[in-house]
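Okay, here's what each chain looks like letter by letter:
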Amino acid sequence: MWDWYSYNLFLSALLLGYFFLSYYDKEKKNNNYWLILGLLPFYLLLALRGRSVGIDLERYELHVLYARSLSSVSLTQWLSEPLFTVIEWLSNKFGGIQAFIVITSTIECVFMFLAFKTLHKFGVETKNIYLFFIAYIFIRSFNIVRNGLAWTISLCAYVNLIGDAKDNKRQFWIYSIIAFLIHNSAIINIPIYFICWPLKTKATDKKLLIRITLLMAIAIAVFYFGRTLLIDRFFVLTEDRYDTSHFEIRNEFGLGNILYRLPFLLLILFAYPKLKKRFGNRFVPVVMLFIFDLVIVNLRYLATDFERLAYYTGLAQVILWGMIPMAYVKKLGNRGYLIVFFIGIIYFTYFMYHWGVEGGAGDGIGIMPYKFWK
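Anyway, here's the lowdown on the structure attached to this text.

About the cut-offs
Residues numbered from 1 in each chain as written. Predicted model: local features only at pLDDT ≥ 70, side-chain atom pairs only at ≥ 80, totals over all residues. Heavy atoms only, no water. Helix = DSSP H or I, 4+ residues; strand = E, 2+ residues; numbered from the N terminus. Expected span 1.5 Å × (residues − 1). Buried < 20%, exposed > 50% of the residue type's maximum accessible area, 1.4 Å probe, protein only. Arc of directions from axis to C-beta. Contact = heavy atoms within 4.5 Å. Phe/Tyr/Trp six-rings, centres within 6.5 Å; stacked < 30°, edge-to-face > 60°. Lys NZ or Arg CZ within 6 Å of the ring centre and 35° of its normal.

## Digging into helix 16 (residues 284-296)
Here's step 1: Taking 1.5 Å per residue as the helical rise, helix 16 with its 13 residues ought to reach 18 Å, and the 19 Å between its terminal C-alpha atoms agrees with that figure.
Here's step 2: Burial analysis of helix 16 places twelve of its 13 residues in the buried class, which makes it a mostly covered element.
Here's step 3: If you check which residues of helix 16 are buried, you get Val284, Pro285, Val286, Val287, Met288, Leu289, Phe290, Ile291, Phe292, Asp293, Leu294 and Ile296.

## Comments concerning helix 3 (residues 57-66)
Here's step 1: Turning to helix 3, its buried residues are Leu57, Tyr60 and Val64. One side of helix 3 carries all its buried residues, which in axial view fall inside an arc of 60°. Across helix 3 from its buried face, at more than 90 degrees, point the exposed residues Glu58 and Tyr66.
Here's step 2: Contacts from the buried residues of helix 3 go to helix 5 (82-93), helix 6 (97-121) and helix 8 (145-158).

## What to know about the packing of aromatic side chains
For any pair of aromatic rings, the description consists of the separation of the ring centres together with the inter-plane angle of the planes.
Here's step 1: One pass over the structure, following the stated rule, counts 21 aromatic pairs.
Here's step 2: The interplanar angle of 20° and the centroid separation of 4.9 Å between the aromatic rings of tyrosine 23 and tryptophan 34 together place this pair among those described as stacked. Note that tyrosine 23 is positioned in helix 1 (residues 4-26) and tryptophan 34 in helix 2 (residues 32-47), a separation of eleven residues in sequence.
Here's step 3: Owing to a relative accessible area of 23%, tryptophan 34 belongs among the partly exposed residues under this scheme.
Here's step 4: Through successive ring pairs, a cluster of aromatic residues spans Phe10, Phe42, Phe138, Phe142, Tyr370 and Phe372.
Here's step 5: A cation sits over an aromatic face here: lysine 26 above tyrosine 23, 5.2 Å from the ring centre.
Here's step 6: Looking at arginine 146, its charged tip hangs above the ring of phenylalanine 84, at a distance of 5.9 Å from the centre.

Limitation: the analysis is restricted to geometry and does not speak to function.
What follows is the structure, encoded as structure tokens:
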């Protein structure tokens, strides 16, 4: 249900974090104090939440309860998510579900710290990334904890796509492996690497625009105009093993591309010269990850597993929002500030929807009303 106290609490934490990260972005050196202060408000909300905040916590509580010894864990669970199994076992030893909440919240915020620190080193504005990461990924960390951890750790991997250091490839795989050991959906980082990484040094403007045009045409033509035929055929082949409850409104297929991702792509292309001047070819892999998202997002309604994959590729939008406003302000002057202002209004609506409608009202994930740990 809707709860104004909870919503104002989340909004206050968001604005406070944004204020501290604004100072962090102004620092030429990595001043970790501002970064810690920026992440602290939402860390406290995540770590101090009560057992009733998040509809999945009851299931996690049972997992923690039965994780008395590592030998009692099934072989299947060890093979699918060994690190998360260890977390559940440690939580059992140190106090149950509340220990689980504190441990997972701490791990997630540590990786957020590492990702934001790397982005700051590469000259990307962390305050804008913080805004969209909070509304896009962090809200789900109150509920689907394993996925929230894997998505945040994968963000640490993806930020290495925009770096120039020789060891960035190694860091990408280290973070990807850790994410996979938390939740096996992080296996999507393998195709992400081969789609994005080779373009890091080889891409030219012409090749990039050709690939974007082709992928965009395929995504719209196949998934929008041919969605009904494909979906019906898919269910015949799989003998209706996937959930069909999401297909009451079939027009939702492809509309995300046309109403949001296509305009977002145009924003990227319009700001392309400034982005390249500031970041060189380092931002190209993130654009390619965004293009890959155009395809993956159209599969998210087929089953829950596909939906989880869409949040990995969707992190490209989070990173790009740290770059695009900078380009528009410098490209258009006062008109650029006006565009950024309208982007801010769109974001506020986006935040209100996710933390209100998805978070508490209707069939949300149960973070409203928010209650502290007692």
